[in-house]
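# Understanding the architecture of this molecule
Each chain is listed here by its residues.
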Amino acid sequence: MQNRVKHYREGAGWSQGELARRLGVSRQTINAVETDKYDPSLPLALRMAKLFAVDVPDLFIDDWTPESNS
Amino acid sequence: MNPSVKPSLHRPLRKMLISALLGAIAGFFGVTLLFRWTDAPTVGGSSMILSGVGIAYLAMALFVGIGTLMPKAGSKVLNVEDSDELVENRQSLLGSSLANGVLGVMMIVLANSGTGGTVPVSIAVGTVIVALAVAGFLIVKTWKYQDELMRQVSLEAGSIAGAMVIATLLVWGAFSMNGMGPAIEAKSMIALVMGMTLLGAFVATGARGMLTPR
């Protein structure tokens, strides 16, 4: 899933290590999320959104749209 | 040309070459020393394979263990961004390298036990019990130091290894029971399970792009 974690992290002026420390995960996890190799758990996605003060859909981009009922 | 750019471009390749070279040297000396000290080649092919898998576990444990204890040197060989990454994951890496080392020793002892082996039954059985207890304790203990990515990769590695073991044993068993191949020896089965576990870990980490040189 595409995401804008790197965009918001760099906007905050944080390194991957700094973001990892704030979220309580490894640097490898942040790197894997930013490079689209790992979709974080719901709790971690929520924590990331809270940390950047944005909504989860602003952070993680999903192109799926529900079928209309017509 | 900016001189600071060149080293960073070559760093992953250089690191990969150093790791491969050290791995080859460790493997060569490990196998040579093992066969000099034991009679593994004389007790059959399955013993040699089990010894080989044991050496792979031991070599991995040594590289990761020493690399974690000496982060600056370790960061030049292990696939990490810098030495800080080794320090941050110290407990998890030390735990898993110790568990791998214990399992490696267990496999080498087992390879030299049984029919034609030099290791007495009591020592072989005792080693298995102690090794499984120590490795089990370390794996459970290490789990709490891992974050969600590492836990996910561990689960995927286990699933992949399990699937490969089931597929191999099913095919091997089916051929063997119909007289189309040799019967499965206990040593071959242990080598298969442990070898596939290692392979599963490589496949799972590779699929996540974590084997890409950094």
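Everything here concerns the structure above.
Residues numbered from 1 in each chain as written. Chains lettered and ligands numbered in written order. Predicted model: local features only at pLDDT ≥ 70, side-chain atom pairs only at ≥ 80, totals over all residues. Heavy atoms only, no water.

### Overview of the side chain of Thr-127 of chain B
Residue and element names in this part refer to chain B. With respect to the helices, strands and loops of the structure, Thr-127 is situated in helix α6 (residues 121–143). The class for Thr-127 is buried, based on a relative accessible area of 19%. Separated by 2.6 Å, the side chain of Thr-127 and the backbone oxygen of Ile-123 make a polar contact. (Helix = DSSP H or I, 4+ residues; strand = E, 2+ residues; numbered from the N terminus. Buried < 20%, exposed > 50% of the residue type's maximum accessible area, 1.4 Å probe, protein only. Polar contact = N/O pair within 3.5 Å; in protein donor to acceptor, adjacent residues only side chain to side chain.)

### Focus on the environment of Val-64 of chain B
Residues and elements named next belong to chain B. By the element assignment, Val-64 lies in helix α2 (residues 45–69). Taking the C-alpha atoms as reference points, Val-64 and Arg-90, 26 residues apart in sequence, are found 10.0 Å from one another. Aside from chain neighbours lying at most four places away, what touches Val-64 is Leu-78, Leu-93 and Ser-97. (Contact = heavy atoms within 4.5 Å.)

### Points about the environment of Ser-83 of chain B
All names here are of chain B. On the secondary structure map, Ser-83 appears in helix α4 (residues 83–88). On a C-alpha basis, the gap between Ser-83 and Ala-73 in space is 8.0 Å, while along the polypeptide they are ten residues apart. For Ser-83, the residues in contact, after removing those within four places along its chain, are Pro-71, Lys-72 and Ser-75.

### Examining the interface of chain B and chain A
Taken together, the contact pairs 15 residues of chain B with eleven residues of chain A. Summing both partners gives a buried area of about 1200 Å² for chain B against chain A, and 42% of it is carried by carbon and sulfur. When the buried area of chain B at its contact with chain A is split by residue, Glu-148, Leu-149 and Arg-208 of chain B rank highest and sum to 43% of it. Counting the contacts that link chain B with chain A gives two salt bridges. The salt bridge partner of Arg-27 of chain A is Glu-88 of chain B, with a shortest N-O separation of 3.2 Å. Linking chain B with chain A are seven residue pairs in polar contact (both at pLDDT 80 or more), by the criterion used here. For the side of chain B that touches chain A, the element with the highest residue contribution is helix α7 (residues 148–177) of chain B, accounting for four residues. Across the side of chain B that touches chain A, the residue classes tally to three nonpolar, three polar and nine charged. (Buried area = accessible area lost by both parts, 1.4 Å probe. Salt bridge = Lys/Arg side-chain N within 4 Å of Asp/Glu carboxyl O. Nonpolar A, V, L, I, M, F, W, Y, C, P; charged D, E, K, R; others polar.)

### Observations concerning unusual backbone geometry
Residues other than glycine predominantly adopt negative phi, and peptide bonds predominantly adopt the trans conformation. Residue and element names in this part refer to chain A. Despite not being glycine, Asp-36 has its phi angle at roughly 65 degrees, a positive value. Its location among the elements puts Asp-36 in the loop between α3 (27–34) and α4 (42–52). The phi dihedral of Ala-53 falls on the positive side, at around 55 degrees, and the residue is not glycine. Its place among the elements puts Ala-53 in the loop between α4 and α5 (56–59).

### Comments concerning the packing of aromatic side chains
One pass over the full model with this rule turns up two aromatic pairs over all chains. Taken together, the aromatic side chains of Tyr-8, Trp-14 and Phe-52 of chain A make up a single cluster linked through ring pairs. (Phe/Tyr/Trp six-rings, centres within 6.5 Å; stacked < 30°, edge-to-face > 60°.)

### Thoughts on the nonpolar core
In terms of nonpolar packing, the biggest core is built from 24 residues, with Val-5, Met-48, Phe-52 and Leu-59 of chain A touching the most fellow members. Those elements that provide at least two residues to this core are α1 (5–12), α2 (16–23), α3 and α4 of chain A together with α7 of chain B. Tallying contributions element by element places α4 of chain A first for this core, with five residues. Judged by nonpolar contacts, the second largest core, of 16 residues, contains Tyr-57, Ala-124, Ala-131 and Leu-198 of chain B. (Core = buried A, V, L, I, M, F, W, Y, C linked by side-chain atoms within 4.5 Å.)

### Observations regarding the packing of helix α5 (residues 90–111) of chain B against helix α8 (residues 186–207) of chain B
All names here are of chain B. For the pair α5 and α8, the least separation of the axes is 11 Å and the interaxial angle reads 160 degrees. With respect to each other, α5 and α8 are oriented roughly antiparallel. As for the relative orientation of α5 and α8, their crossing is left-handed in sense. Along the contact surface, α5 presents Leu-103, Met-107, Leu-110 and Ala-111, while α8 presents Lys-187, Ile-190 and Met-194. (Axes fitted to C-alpha atoms, helices over the stretch in contact; angles between N-to-C directions. Parallel < 35°, antiparallel > 145°, perpendicular 65-115°, else oblique. Left-handed = near helix turned anticlockwise from the far one by under 90°.)

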